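Coordinates in review
In case you want the letters, here they are:
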Amino acid sequence: MSKKCAIALGSNLGDSLNILETTITLLSQHPYLELIGHSPWYKTTPIGPLQPNYLNGCAILETSLTPEDLLQTLLSIEQKFGRIRREKWGPRTLDLDLLLYGDLILDTPNLTIPHPLMLDRAFVLVPLADIAATWVHPMTKKMIQEHLKGLNCEGVQPLIS
Ligand SMILES: Nc1ncnc2c1ncn2[C@@H]1O[C@H](COP(=O)(O)OP(=O)(O)OP(=O)(O)O)[C@@H](O)[C@H]1O
Ligand SMILES: Nc1nc2c(c(=O)[nH]1)N=C(CO)CN2
């Protein structure tokens, strides 16, 4: 049975716009994923150590992959762009986070769903609200648009391309 999922995309190293657009193409061409849509891209102030600004956005997928297999698919796409894991919250060519998988709640050593930091991050909730404003967070039972109201969104600006 297929599930609707939300993922977050971020990049702040290399040709970020090209990396994000190529990632959307790869997701849309994957045999076990159906790309429902993606948000516009936003230029965002980095959270964490001093580093370049990010481009961020979100996408909605449908998939019959298990959460674990979907995570592995996302990690393998990150690797295509030479993602090297160094410092926590440090710069990266591509970061793909699995935010929501239907209304699943899961906490294992390798995978936590919903993504535990998604509700604190304006760079996630602003683009997610563009494409899934009424999606109800399975733990808080509140819609994404309600969570967004409480966040400072100053560091999240639309990318005019
Ligand atoms: N919902 C999730 N989405 C993506 N990765 C997850 C999730 N839950 C747990 N992980 C684990 O986190 C690892 C990714 O860590 P990563 O280095 O990308 O963290 P980070 O991007 O620095 O921090 P953050 O998770 O706060 O965005 C993955 O290998 C995966 O096992
Ligand atoms: N603006 C912004 N800041 C970040 C981001 C990100 O995607 N955007 N990702 C991080 C690590 O997950 C750490 N800090």
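Residues numbered from 1 in each chain as written. Chains lettered and ligands numbered in written order. Predicted model: local features only at pLDDT ≥ 70, side-chain atom pairs only at ≥ 80, totals over all residues. Heavy atoms only, no water.

All residues in the neighbourhood of ligand 2 are listed as Thr44, Thr45, Pro46, Ile47, Tyr54, Asn56, Trp89, Arg92, Asp95, Arg121 and Phe123. Within the side chain of asparagine 56, an N or O atom sits 2.8 Å from an oxygen atom of ligand 2. At a separation of 3.2 Å, an oxygen atom of ligand 2 approaches a polar side-chain atom of aspartate 95. Per-class residue counts for the shell around ligand 2 are five nonpolar, three polar and three charged. (Near = heavy atom within 4 Å. Polar contact = N/O pair within 3.5 Å; in protein donor to acceptor, adjacent residues only side chain to side chain. Nonpolar A, V, L, I, M, F, W, Y, C, P; charged D, E, K, R; others polar.)

It is worth spelling out helix H3 (residues 122-132) at this point. Most of H3 is tucked away: nine of the eleven residues are buried. Those residues of H3 lying buried are Ala122, Phe123, Val124, Leu125, Val126, Pro127, Leu128, Ala129 and Ala132. Among the structural elements, strand E1 (3-11), strand E3 (42-44), strand E4 (54-63), strand E5 (95-101), helix H4 (144-149) and strand E8 (156-158) are those in contact with the buried residues of H3. (Buried < 20%, exposed > 50% of the residue type's maximum accessible area, 1.4 Å probe, protein only. Helix = DSSP H or I, 4+ residues; strand = E, 2+ residues; numbered from the N terminus. Contact = heavy atoms within 4.5 Å.)

Compared with an ideal rise of 1.5 Å per residue, which puts 14 residues at 20 Å, helix H2 (residues 67-80) spans 20 Å between its outermost C-alpha atoms and is within 8% of the ideal. Listed in full, the buried residues belonging to H2 are Pro67, Leu70, Leu71, Thr73, Leu74, Ile77 and Glu78. The buried residues of H2 all sit within an arc of 160° when viewed along its axis, so they share a single face. Positive backbone phi, at 70°, marks glycine 82, one or two positions downstream of H2. (Expected span 1.5 Å × (residues − 1). Arc of directions from axis to C-beta.)

Another point: the UniProt feature "domain: 7,8-dihydro-6-hydroxymethylpterin-pyrophosphokinase" (unreviewed entry) in the protein. Mapped onto the present numbering, the UniProt feature "domain: 7,8-dihydro-6-hydroxymethylpterin-pyrophosphokinase" (unreviewed entry) falls at residues 88-99. For residues 88-99, the end-to-end C-alpha separation is 18 Å, with 0% helix and 42% strand making up the annotated structure. (UniProt positions renumbered as here; feature names shortened; annotations may be inferred.)

Below, the discussion takes up the pairing of E1. Counting buried residues in E1 gives seven out of nine residues, a clear majority hidden from the surface. Sheet topology note: the E1/E4 ladder contains nine bridges and is antiparallel. Within E4, the residue paired with serine 11 across the bridge is leucine 55. Bridge count for E1 against E5 is six bridges, and the pairing is antiparallel. Counterpart to glycine 10 in the pairing with E5 is aspartate 95. (Pairing = 2+ DSSP bridges.)

Its boundaries defined by the atoms lining it, the second largest pocket holds a volume of some 200 Å³. Residue composition of the lining of the second largest pocket, grouped by class: six nonpolar, three polar and three charged. (1 Å grid on protein atoms, 1.4 Å probe; cavity = no way out; pocket = protein on both sides within 12 Å on 5 of 7 lines; lining within 4 Å. Points joined across faces, edges and corners; volume = space filled by probe spheres on them.)

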